[in-house]
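# Commentary on secondary and tertiary structure
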Amino acid sequence: MASTFNLLALGLAAASQVSAQWRGAGRTAGSPAYNYMFQNALPIPAVAVPDFTEEFGGRTVQFYTCAIESFTKQIYPNLGLAHMTGYNGTSPGPTYVIPRGTETIIRYLNNGEVSAAVHLHGSYTHSVWDGWASDEMAVGQWKDYYYPNSETARSIWYHDHADGHTASDAYYGQAGVYLITDSAEDALGLPAGKYDVPLALTDHSFQANGDLASPNGNPINFCGDVLSVNGQPWPYMSVEPRKYRFRVFDMSLSRAYDLFFADPSGNWITFQVIASDSGLFGSPVTSNDLVIAMGERYEVVIDFSMYAGKNITLGNNMQQAQIQEFANTNKVMQFNVGSTVSDSSNNGAVPSTLNGNIQWPAQRTTVDHTFNFQMGGESTWTINGVDFSDVNNRILARPTQGSVQLWELHHTGGPAVHPVHVHLVNMQVVSRTGGSRGVLPYEAAGLKDVVLLEPGETVRVLAFFGPANGVYMFHCHNLVHEDNTMMDAFNVTYLQELGYDSSIDFSDPMNPQFAPQAYNDAAYAPAALTSAVSSLANMGAYSAFDSMASAEAAYYATAGYNGDATTAPTTTTVAASSSGYGFASSTATGASTAASAVATQGKAKPFSAPTTTSHSSTQAPPRYTARPTSRPGSHGRRFEA
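It should be emphasised that the depicted structure is a prediction, and the values quoted were computed from it without experimental measurement. (Residues numbered from 1 in each chain as written. Predicted model: local features only at pLDDT ≥ 70, side-chain atom pairs only at ≥ 80, totals over all residues. Heavy atoms only, no water.)

Right, let's get into the packing of aromatic side chains. The full count for this structure, using the stated rule, is 48 aromatic pairs. When the centroid spacing of 5.8 Å and the interplanar angle of 85° are considered together, the rings of Trp407 and Phe490 count as edge-to-face. Taken together, the residues Trp407 in strand E25 (residues 403–411) and Phe490 in strand E31 (residues 487–492) connect sequence positions 83 residues apart. For Trp407, a relative accessible area of 2% puts it in the buried group. Site record: aromatic cluster; members linked through ring pairs are Tyr64, Tyr87, Tyr96, Tyr108, Tyr145, Tyr147, Tyr158 and Tyr178. (Phe/Tyr/Trp six-rings, centres within 6.5 Å; stacked < 30°, edge-to-face > 60°. Helix = DSSP H or I, 4+ residues; strand = E, 2+ residues; numbered from the N terminus. Buried < 20%, exposed > 50% of the residue type's maximum accessible area, 1.4 Å probe, protein only.)

If you want it as structure tokens, here you go:
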């Protein structure tokens, strides 16, 4: 435990370096000076194209192949290449744009450097295809991942989830955007086509030669001093003087952001938040800033029509003391507004009603589980003292299939924030206490799969655990914490009364029937691919999801919700070591602004123009330069139910 306290002191010392101006002013993580601020265009990831499409009894199934591959990329124009690993040799990977109800099978081939598992973050996928951390493809193996895509339109994403090295894999490039669309959303007249743009936020640090510095070595946090959007440091985007829809993804390891749009005078511009992790809100929420944490997604509509010929800056005003800021991490990207509009379609007012059919979970006031996200226990970071390596005790909850539970999440220690991600479910954020803010308006407006815990906070969430049964992970989406075992699991237990049984076990994430396979040319022959798709599609893995959900709702309307199916193991927690410190008042005030009050706020929030920071030759070199070639904590094909 002594080492844990030393790490705690290290984290607090780093967090205490706060500037009277921008709190990162003059600071660096060791990267060379980047002298190309807002000089390179925002790249837009290519849209994935299916290898083929098949029909199965009225169901459309698209099949894709994707390879995890190492590649090099010129990030610093004046320095050497950065070595990366990404999906199809790109970062971010290809963007999947899938119509609702179209099922997808994606064959991932691991041609990278270490083992891999792929998680489609935000999908209610069966356990066998959810990216269980130990269900890893060794280098040279492939696995078919099968997704339903039957929930409402939403912005989700895919990334590595391998046991013990998710953070470094995501950092070096294994992440990408996945969009589900539907006709109801299309009918709203929201900005579309080239006016609908994904913005994937990441941060990195670099060595003197232009290669990436390793994120490994510090189990508290990784905060880089170079911010990128869609893989490009501090880009610009040429836009027209009209409305745009931006889908914002926080793909960083440990960095949360407080985003704002600023005009040339530094005034913050109001915009409308229209969606979060689980899709469109009931109605838009007006704000002038947006707090987004690791793993979260938000969608905003901003109108550039008043700013023709001007430059608008997307900035970061994060005042969370536990997140390290540097000289230029208050700047994200720039929008160069032109003078003409080439297409006026889908440029009207955002509808006052966006989604009249949000599937809110049934209301419940009895807390079913309390989870402490803490420093200490079986490892540096744990949930209720239990780490993911403890296969006999890591199942911390056993909700019955189709039930609703109320979970209470506590940040009880450590100099970091904990964005909590619960696989499978859509959550309603019910309450937030103990910190400096309540539930933010745009948190309350829709369902989510990630909720941010700042130090000292307690957050209650309601979630529907279904429609399928199975074993799933939940964890801190500070991926450094996840790799250092702040991850456990829950078992959605089979409800026999429903009568939905299958001869195929989709609930065991380590079912050998769906284990990764060694590559051979024959498995990629056209006939073999067609056969594989037909075999999976004819299993009926998702065909009963809608009827199951209806049957579950009817069952519990009579039976009621009665907590876990069986008793979870007793766990040990450590004493709370955090309370009441977190967001400074400036962030809390901006982020918590109610929709009705935003328009009347004073607008003169200062934003400094970009400056070039010189890096003294006396500064310490990057701390971590060697990319890891092995991972800790490998587990066999076993899970504990």
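Now that the structure has been shown, the text picks up again.
Looking at the element boundaries, His159 is found in strand E8 (residues 154–160). Given a relative accessible area of 0%, His159 falls into the buried group. A polar atom in the side chain of His159 sits 3.5 Å from the side chain of His477. Here His159 is in contact with Tyr87, Ala117, Val118, His119, His121, Gln174, Ala175 and His477, once residues within four sequence places are set aside. (Polar contact = N/O pair within 3.5 Å; in protein donor to acceptor, adjacent residues only side chain to side chain. Contact = heavy atoms within 4.5 Å.)

The subject of this paragraph is the pattern of salt bridges. Two side chains that carry opposite charge are able to pair once their charged atoms sit near each other. Evaluation of the coordinates by the stated rule reveals 23 salt bridges. Residue Arg247 pairs with Asp196 through a salt bridge whose shortest N-O separation is 2.9 Å. One end of the pair, Arg247, is in strand E14 (residues 243–250); the other, Asp196, is in strand E10 (residues 196–204), and 51 residues separate them in sequence. Taking relative accessible area as the criterion, Arg247 reaches 3% and is therefore assigned buried. The partner of Arg432 in a salt bridge is Glu443, and the shortest N-O contact between them spans 2.3 Å. Placement of Arg432 in strand E27 (residues 427–433) and of Glu443 in helix H4 (residues 441–444) is noted, with a sequence separation of eleven residues between them. There is no split in this pair, since Arg432 and Glu443 are both buried. Counted as one network, the salt bridges with shared partners bring together Glu185, Asp196, Arg245, Arg247 and Glu299. (Salt bridge = Lys/Arg side-chain N within 4 Å of Asp/Glu carboxyl O.)

The bulk of non-glycine residues show a negative phi, and the bulk of peptide bonds are trans. The residue after Ser91, namely Pro92, is reached through a cis peptide bond having omega -5°. Mapped onto the elements, Pro92 comes out in the loop between strand E3 (82–87) and strand E4 (96–99). With an omega dihedral of 5°, the bond running from Gly466 to Pro467 counts as a cis peptide bond. In this structure, Asn149 is a non-glycine residue whose phi angle is positive, near 55°. Inspection of the secondary structure assignment puts Asn149 in the loop between strand E7 (141–147) and E8. Given the relative accessible area of 3%, Asn149 is considered buried.

The subject of this paragraph is helix H6 (residues 526–537). In this model, H6 (twelve residues) spans 17 Å end to end at C-alpha, consistent with the 16 Å of a helix rising 1.5 Å per residue. Taken together, the buried positions of H6 are Leu529, Ala532, Val533, Leu536 and Ala537. Angular distribution of buried residues about the axis of H6 spans 125°; they occupy a single face of the element. Close packing links the buried residues of H6 with strand E1 (52–56), strand E2 (59–73), strand E5 (103–111) and E7. (Expected span 1.5 Å × (residues − 1). Arc of directions from axis to C-beta.)

Taken in spatial order, the five strands of this open sheet run E13-E21-E20-E15-E18, and their pairing is mixed. Two strands close off the open sheet at either side, each with one partner strand: strand E13 (236–239) and strand E18 (290–292). Direction aside, neighbouring strands of the sheet carry axes that sit 25° apart on average. Sheet analysis places strand E15 (residues 257–262) next to E18, joined by three bridges and oriented antiparallel. Residue pairing in the sheet places Asp258 in a bridge with Val291 of E18. (Pairing = 2+ DSSP bridges. Axes fitted to C-alpha atoms, helices over the stretch in contact; angles between N-to-C directions.)

Direction of pairing for E1 relative to E2: antiparallel, over a ladder of five bridges. Within the sheet, the bridge partner assigned to Phe56 lies in E2 and is Arg59. Following E1, the chain reverses through two residues before pairing antiparallel with E2; Gly57 in that reversal takes a positive phi of roughly 55°. Here E2 runs beside E5; their pairing, made up of nine bridges, is parallel. Bridged to Ala67 within E5 is Leu109. Sheet topology places E2 next to E3; six bridges connect them, and they run antiparallel. By the bridge assignment for E3, Glu69 is matched with Gly86.

One can find Pro45 in the loop between helix H1 (2–15) and E1. On a C-alpha basis, the gap between Pro45 and Pro94 in space is 5.7 Å, while along the polypeptide they are 49 residues apart. Every residue in contact with Pro45, bar those within four places of it in the chain, is listed here: Pro92, Gly93, Thr95 and Asn230.

Tracing the sequence through the fold places Glu136 in the loop between strand E6 (118–121) and E7. Judged by relative accessible area, which is 10%, Glu136 ranks as buried. A distance of 3.0 Å separates a polar atom in the side chain of Glu136 from a polar atom in the side chain of Ser115. Among the polar contacts listed, one links the side chain of Glu136 to the backbone nitrogen of Asp163, at a separation of 3.3 Å.

A sheet is described by the order of its strands in space; here five strands give the open sequence E24-E31-E30-E26-E28, paired in mixed fashion. The open sheet has two free edges, formed respectively by strand E24 (395–397) and strand E28 (450–453), since each of these has just one partner strand. This sheet shows a mean twist of 30° between the axes of neighbouring strands, independent of strand direction. With four bridges joining them, strand E26 (residues 418–422) and E28 adopt antiparallel strand pairing. Looking at E28, one finds that His418 is bridged to Leu453.

These values are about where atoms sit, not about what they do.
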